[in-house]
There are 2 protein chains.
Amino acid sequence: MNEQELRNLVITIAKEAKKASFKLRNLSSEVKDAVLKKVAQKIREKKEELQKINAQDVEEARAQGQSKAFIDRLTLSDKVIESMAKGLEEIAALPDPVGEVIKMWKRPNGLLVGKMRIPLGVIAIIYESRPNVTIDAAGLCFKSGNSVILRGGKEALRSNLALAEIFRETLKEFNLPCEVIQIIPTPDRKAMEYLLELEEYVDLVIPRGGEGLIRFVTEKSRIPVIKHYKGVCHVYVDEEADLEMAKKIVINAKCQRPGVCNAMETLLVHEKIASTFLPQVAEEYKKYGVELRGCPETLKYVPWAKSATEEDWYAEYLDLILAVKVVKNLDEAIAHIAKYGSNHTEAIVTENYTKAMKFLKEVDASLVLVNASTRLNDGGELGLGAEIGISTTKIHAYGPMGLEELTTTKFIAFGNGQIRT
Amino acid sequence: MNEQELRNLVITIAKEAKKASFKLRNLSSEVKDAVLKKVAQKIREKKEELQKINAQDVEEARAQGQSKAFIDRLTLSDKVIESMAKGLEEIAALPDPVGEVIKMWKRPNGLLVGKMRIPLGVIAIIYESRPNVTIDAAGLCFKSGNSVILRGGKEALRSNLALAEIFRETLKEFNLPCEVIQIIPTPDRKAMEYLLELEEYVDLVIPRGGEGLIRFVTEKSRIPVIKHYKGVCHVYVDEEADLEMAKKIVINAKCQRPGVCNAMETLLVHEKIASTFLPQVAEEYKKYGVELRGCPETLKYVPWAKSATEEDWYAEYLDLILAVKVVKNLDEAIAHIAKYGSNHTEAIVTENYTKAMKFLKEVDASLVLVNASTRLNDGGELGLGAEIGISTTKIHAYGPMGLEELTTTKFIAFGNGQIRT
């Protein structure tokens with residue numbers, strides 16, 4: 001395919017997605033849920049077939065010398081397949097946001113004004129190696145009434161195509177346009193660039209992946225971008241904290257699943273409790289095999305910790321490594337978070353009401369918690385249901401993006417002859 | 001100034017805006033309102049001084065041969081100055097959205113989760129010739145806790161600088177950083193390009209002006225853009241309309257103020273009532289001096305109308321010109337609007353409940369009205385208070401953007417030791 005043909009292909013995909021989105025916009029919840037459940041059923045039925053195709057992607061990735069972590073993310077294990085099917089069933093069980101009137105009020109002239117939820121239209125999802133994102137993202141976009149254009153990693157192309165095909169077949173069985181779910185069928189990066197120019201057809205781009213990918217998309221896109229960026233999350237343990245609670249929270253925030261964006265990367269401890277709290281919690285971390293990198297003050301209480309450098313305060317380890325800093329007071333903790341944080345998830349542990357409220361008000365992050373673990377920043381945990389990711393962009397959605405965040409609202413007005421005077 | 005110096009200047013402005021925004025973020029409503037009222041007072045006091053400076057801009061624009069309409073928009077008349085001052089007082093009287101918790105719910109583990117309104121951070125407003133936008137936009141951004149960077153038309157630069165200076169002086173008197181309001185102090189278009197690269201410091205760009213400006217901004221910007229685009233607004237008069245009400249609405253929608261984006265540009269009439277409704281309403285339009293451009297069917301009933309071409313259905317006249325089309329039924333009206341509309345404002349006039357609800361549901365526009373004039377798409381009319389414009393972008397805000405739309409929400413959570421299991 002030459003460049004012109006590739007550009008035409010991408011334009012056709014985007015145009016078809018837009019056209020199909022009109023059919024999806026007002027589709028009943030019953031039909032959408034039936035489709036989702038049918039796709040779940042088929043994914044289970046076609047497990048072996050999917051794994052056979054996925055094995056080709058995996059084999060090629062191995063031959064290219066990809067890391068074990070990469071291969072893990074790429075593999076459609078029994079567990080991953082079941083979780084995709086279950087995920088779709090969960091999305092089917094969630095309330096349909098489309099058509100909901102979230103607010104209504106009356107004007108002095110009698111006009112009833114409201115805001116009604118509507119789909120965005122066409123959403124492009126750009127992601128890396130996990131093929132399960134294909135089904136998760138397609139399910140969420142479909143339920144929220146949006147067409148989706150998926151551009152996964154080139155290593156997962158066969159798997160992504162096979163997964164999308166199951167969804168598309170099902171759509172056809174329901175007499176719905178299969179163009180509501182499309183995959184960019186080529187690994188050529190140029191295709192992504194062409195896609196990002198098509199503001200006329202695509203309403204939103206969500207890049208999920210490493211910093212390089214996200215920067216690339218932001219730079220090239222004429223379409224609004226919602227970023228799902230890194231998480232340099234902190235827990236601040238105040239002098240007035242319940243130290244038993246604090247221990248539970250900081251162990252959970254670091255160790256329960258260190259490889260994800262809402263895991264804690266830096267622990268901030270008030271100087272007045274450092275001498276009692278740090279040695280205790282360090283013992284716990286040792287059991288989990290956590291490497292500690294501390295400020296000079298920390299090293300006094302945890303001699304086996306490594307010395308932290310300036311880069312450690314910026315680091316998203318995604319691993320069993322933790323930066324630890326002793327701070328003078330709440331203000332220093334807030335200032336540290338403002339300087340080094342990534343607006344993702346921040347927590348305070350304290351029994352002091354005024355400090356809790358100050359932290360809540362002054363810290364700028366998609367989720368700010370009092371006396372709870374950063375690991376709770378997740379659509380499921382916060383009660384939104386399935387999520388497409390956690391936005392660190394403030395425009396449109398800040399925090400976990402569930403079905404509601406994939407919609408917008410239009411104003412509606414019921415009148416009886418009102419005019420402007 | 002060479003290119004590098006210009007770029008550095010713009011970066012400094014953006015950095016200072018960001019830094020100042022932290023001071024503004026949690027400022028009390030009382031102080032914000034006091035500042036706004038003081039600025040209003042000073043604008044009135046310094047009227048003559050402002051008009052003297054504005055006269056230089058006006059004179060230069062005249063010498064350049066700018067149109068009368070352009071000169072009108074540029075001129076700070078007594079009326080415009082009073083309306084700026086009054087606008088600020090109105091903004092002061094509006095409720096402060098910052099810190100409001102719009103929703104709160106409890107999770108099974110006892111965690112209380114909520115969404116709290118917070119400022120976006122730094123907003124850039126790019127506009128054309130009206131210097132009053134400087135004060136209106138600065139007032140709205142200030143009240144909603146955002147720093148603002150203003151880039152107006154080069155013809156209004158002296159006026160914009162003088163207006164902003166009044167605001168900045170007042171900020172200093174209140175010991176607040178004047179960098180929350182800054183003007184790009186050069187007409188060089190390169191400065192705007194540099195600004196649009198600064199996603200690190202600027203959170204949102206709002207371009208207001210002609211199609212060329214908006215396209216330029218969308219293409220160059222790495223920062224999210226909310227467009228305030230053109231309005232090709234329709235009123236559909238159904239066969240089951242109350243024709244007296246319909247007449248009042250379509251006259252108001254076209255004639256009350258034809259030069260604005262929520263004025264009607266195309267009238268759609270059901271074929272069954274065309275023979276009675278069109279001659280009557282055409283007589284009314286004649287009195288207002290409205291030129292009609294009709295489809296062949298329209299010309300049968302209004303022989304003096306001109307013949308409409310394909311371009312007329314796309315046209316935003318912003319003038320006493322109206323395109324008129326007779327349609328077979330509601331479906332044809334909805335299809336016409338989907339094809340030629342601009343997602344701005346659409347209205348139906350009907351007494352039929354099912355048709356009203358169908359129109360409301362299926363038409364995609366920032367405001368969809370039943371039995372009311374398109375001219376009501378306005379922050380004040382809909383009850384939002386002052387507005388920064390009407391967004392036709394679906395991301396973040398769709399429709400009039402008031403104070404709330406200049407904020408985002410962060411998640412907050414009150415726990416008592418909750419962890420992820």
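Attention here is on the structure that accompanies the text.

### Considerations on the overall build of chain A
Item 1. Helices and strands together make up the secondary structure of chain A, namely 16 helices and 16 strands.
Item 2. Against the globule reference of 22 Å for 421 residues, chain A gives a C-alpha radius of gyration of 24 Å, in line with a compact fold.
Item 3. Across the 421 residues in chain A, those meeting the buried criterion constitute 53%.
Item 4. Residue pairs at least 24 apart in sequence account for 71% of intrachain contacts in chain A once pairs closer than 6 positions are excluded.

### Concerning the relation of the copies chain B and chain A
Item 1. Note on the identical chains: chain B maps onto chain A by a rotation of 180° and an axial translation of 0.0 Å, with an RMSD of 0.0 Å. When the rotation and shift are considered jointly, the pair of chain copies conforms to a two-fold rotation axis. Closest approach to the rotation axis within chain B is made by the C-alpha atom of H396(B), at a distance of 1.8 Å.
Item 2. Mapped onto chain A, 100% of the interface residues of chain B again fall at the interface, so both copies present the same surface.

### Regarding the sheet that holds strand 4 (residues 147–151) of chain A
Residue and element names in this part refer to chain A.
Item 1. Reading across from one edge, 5-4-3-6 is the order of the 4 strands in this open sheet, with parallel pairing throughout. In this open sheet, the two edge strands, each paired with only one partner strand, are strand 5 (181–183) and strand 6 (204–207). The sheet shows a mean angle of 20° between the axes of neighbouring strands, direction not considered.
Item 2. Examined bridge by bridge, strand 3 (residues 122–126) and strand 6 share 4 bridges and lie parallel to one another. Each bridged residue has a counterpart across the sheet, and for A124 the counterpart in strand 6 is V205.
Item 3. Those strands touched by helix 1 (residues 3–25) are strand 3, strand 4 and strand 5, and its axis lies near 145° from that of strand 4.
Item 4. Helix 9 (residues 211–220) rests against strand 3 and strand 6 of the sheet, and its axis sits at about 160° to strand 6.

### Re the interface of chain B and chain A
Item 1. Counting residues at the interface gives 57 residues for chain B, matched by 57 residues for chain A.
Item 2. Taken together, the elements giving at least two residues each to the side of chain B that touches chain A come down to strand 2 (112–119), helix 9 (211–220), helix 10 (243–255), helix 15 (353–362), strand 13 (367–372), helix 16 (379–382) and strand 16 (407–418) of chain B.
Item 3. For the side of chain B that touches chain A, the element with the most residues is strand 16 of chain B, which contributes 11 residues.
Item 4. Split by residue class, the side of chain B that touches chain A holds 25 nonpolar, 18 polar and 14 charged.
Item 5. Note that strand 16 (residues 407–418) of chain A and strand 13 of chain B share 5 bridges and pair parallel. Bridging from a neighbouring strand, A413(A) pairs with L369(B) of strand 13 of chain B.

### Observations regarding the environment of D378(A)
All names here are of chain A.
Item 1. Tracing the chain through its elements places D378 in the loop between strand 13 (367–372) and helix 16 (379–382).
Item 2. Given 18 C-beta atoms within a 10 Å radius, D378 is considered partly exposed.
Item 3. Along the backbone, D378 and G402 are 24 residues apart, and their C-alpha atoms lie at a distance of 9.7 Å.

### Comments concerning helix 1 (residues 3–25) of chain B
All names here are of chain B.
Item 1. Between its first and last C-alpha, helix 1 extends 33 Å over 23 residues, near the 33 Å set by a 1.5 Å rise per residue.
Item 2. Considered for burial, the residues of helix 1 that qualify are V10, I13, A14, A17, A20, S21 and L24.
Item 3. In this structure, the buried side of helix 1 is in contact with strand 2, strand 3 (122–126), strand 4 (147–151), strand 5 (181–183) and helix 8 (189–195).

### Regarding the pairing of strand 7 (residues 233–237) of chain B
Residues and elements named next belong to chain B.
Item 1. Here strand 7 lies mainly inside the structure; 5 of its 5 residues are buried.
Item 2. Side chains of strand 7 alternate between two faces, with C233, V235 and V237 and H234 and Y236 buried alike.
Item 3. In this structure, strand 7 lies alongside strand 12 (residues 345–349), joined through 4 bridges in parallel fashion. What sits directly across from H234, in strand 12, is E346.

### Some words on unusual backbone geometry
Item 1. The backbone phi angle of N343(A) is positive, close to 60°, even though this residue is not glycine.
Item 2. Along the chain, the position of N343(A) falls in the loop between helix 14 (330–340) and strand 12 (345–349).

### Brief notes about the sheet that holds strand 6 (residues 204–207) of chain B
Residues and elements named next belong to chain B.
Item 1. Taking strand neighbours across the sheet as the criterion, the 4 strands line up as 5-4-3-6 in an open arrangement whose pairing is parallel. A strand with exactly one partner marks an edge of an open sheet, and here the two such strands are strand 5 and strand 6. The sheet shows a mean angle of 20° between the axes of neighbouring strands, direction not considered.
Item 2. Sheet topology places strand 3 next to strand 4; 5 bridges connect them, and they run parallel. The residue of strand 4 that forms the bridge with I125 is L150.
Item 3. The sheet strands contacting helix 7 (residues 157–173) are strand 4 and strand 5, and the helix crosses strand 5 at an angle near 160°.

### Quick look at the packing of helix 6 (residues 132–143) of chain A against helix 7 (residues 157–173) of chain A
In helix packing, the relevant descriptors are the interaxial angle and the interaxial distance, both defined with respect to the helix axes.
Residue and element names in this part refer to chain A.
Item 1. The N-to-C vectors of helix 6 and helix 7 enclose an angle of 30°; their axes lie 8 Å apart at closest approach. One finds that helix 6 runs roughly parallel with respect to helix 7. The interaxial crossing formed by helix 6 with helix 7 has right-handed handedness. Here T134, I135 and A138 of helix 6 come into contact with helix 7, specifically with N160, L163, A164 and F167.
Item 2. The class makeup of the residues in the contact of helix 6 with helix 7 is 5 nonpolar, 2 polar and no charged.

Reading the values: rules and limits
- Residues numbered from 1 in each chain as written.
- Chains lettered and ligands numbered in written order.
- Predicted model: local features only at pLDDT ≥ 70, side-chain atom pairs only at ≥ 80, totals over all residues.
- Helix = DSSP H or I, 4+ residues; strand = E, 2+ residues; numbered from the N terminus.
- Rg over C-alpha atoms; globule rule 2.2 N^0.38 Å.
- Buried ≥ 20, exposed ≤ 12 C-beta atoms within 10 Å, placed from the backbone.
- Contact = placed C-beta atoms within 7 Å.
- Least-squares fit on C-alpha atoms with pLDDT ≥ 70 in both.
- Pairing = 2+ DSSP bridges.
- Axes fitted to C-alpha atoms, helices over the stretch in contact; angles between N-to-C directions.
- Nonpolar A, V, L, I, M, F, W, Y, C, P; charged D, E, K, R; others polar.
- Expected span 1.5 Å × (residues − 1).
- Parallel < 35°, antiparallel > 145°, perpendicular 65-115°, else oblique.
- Left-handed = near helix turned anticlockwise from the far one by under 90°.

In short, geometric facts, not functional conclusions.
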